[in-house]
Amino acid sequence: QVQLVESGGGLVQPGGSLRLSCAASGFSFSIFAMSWYRQAPGKERELVARITSAGSSTNYANSVKGRFSISRHNANNTVYLQMNSLKVEDTAVYYCNRDPPLRVGYLNYWGQGTQVTVSS
C-alpha cells in the first residue's frame, strides 16, 4: 500500500527556518527521484525541489534557490526539505512525491501535505 506522510510544517516568522520530512512506503523508494511541491490557496501546485534517486543531483525552483535544500535518506525511505530565510510568499501546503508520481488508477496520488505559514 502506497503512503506519503509529510511532517514538520508550522508557523514561523519571516527569516526563520523549518525542516520538512516525508516518509514514503509502498514502492521501491531508492530507485525513484523524489520531489517537493507546494500549493498556496487558489494557485496551482508548483514544483519546489527535486533530488535524483541516489541523491547525487538536485534542482530547485528559482524562487527558492539558495534558501531551500532537498536531501534524502534511502535507508529509511525519507526525503527532507530544509527551508531557510523563509518569506511570506513561501506560505503553502507542502507535498512530496516520487518521479514519476504515484498513481491510483488514472489519478496522481498525493499525501495530506504539511502546512507552512510564514507570518510576523
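Below is a summary of the structure that appears in this document. (Residues numbered from 1 in each chain as written. Predicted model: local features only at pLDDT ≥ 70, side-chain atom pairs only at ≥ 80, totals over all residues. Heavy atoms only, no water.)

## What about the sheet that holds strand S8 (residues 78-83)?
(1) Moving on: A sheet is described by the order of its strands in space; here four strands give the open sequence S1-S3-S8-S7, paired in antiparallel fashion. Taken across any chain shown, the strands that pair with only one partner, and hence form the sheet edges, are strand S1 (3-7) and strand S7 (68-73). Taking the axes of each pair of neighbouring strands and ignoring which way they run, one obtains an average angle of 15° across the sheet.
(2) Moving on: Direction of pairing for S1 relative to strand S3 (residues 18-25): antiparallel, over a ladder of five bridges. Bridge pairing in S3 links Leu 4 to Ala 24. (Pairing = 2+ DSSP bridges. Helix = DSSP H or I, 4+ residues; strand = E, 2+ residues; numbered from the N terminus. Axes fitted to C-alpha atoms, helices over the stretch in contact; angles between N-to-C directions.)

## Re the packing of aromatic side chains
(1) Moving on: Evaluated as defined, the whole model comprises four aromatic pairs.
(2) Moving on: Each ring, one from Phe 27 and one from Phe 29, has its centre 6.3 Å from the other, and the planes form 40°; the classification is tilted. When sorted by exposure, Phe 27 lands in the same class as Phe 29, which is buried.
(3) Moving on: Each ring, one from Phe 27 and one from Phe 32, has its centre 5.8 Å from the other, and the planes form 80°; the classification is edge-to-face.
(4) Moving on: Residue Phe 27 is classed as buried on the basis of its relative accessible area of 13%.
(5) Moving on: Here the aromatic residues Phe 27, Phe 29 and Phe 32 are joined through ring pairs into a cluster of three or more.
(6) Moving on: When the ring centre of Trp 110 is taken as reference, the NZ or CZ atom of Arg 45 above it lies at 3.8 Å. (Phe/Tyr/Trp six-rings, centres within 6.5 Å; stacked < 30°, edge-to-face > 60°. Buried < 20%, exposed > 50% of the residue type's maximum accessible area, 1.4 Å probe, protein only. Lys NZ or Arg CZ within 6 Å of the ring centre and 35° of its normal.)

## Thoughts on the sheet that holds strand S2 (residues 10-12)
Strand pairing in a sheet relies on backbone hydrogen bonds. The paired strands run either parallel or antiparallel.
(1) Moving on: In space, the six strands of this open sheet follow the order S2-S12-S9-S4-S5-S6, with mixed pairing throughout. Each edge of the sheet is formed by a strand with only one pairing partner; in this case those strands are S2 and strand S6 (58-60). Neighbouring strand axes in the sheet, compared pairwise and without regard to direction, differ in orientation by 25° on average.
(2) Moving on: Bridge count between strand S4 (residues 33-39) and strand S9 (residues 92-99): seven bridges; the pairing is antiparallel. Residue pairing in the sheet places Gln 39 in a bridge with Val 93 of S9.

Functional significance is not addressed by these values, which are geometric in nature.
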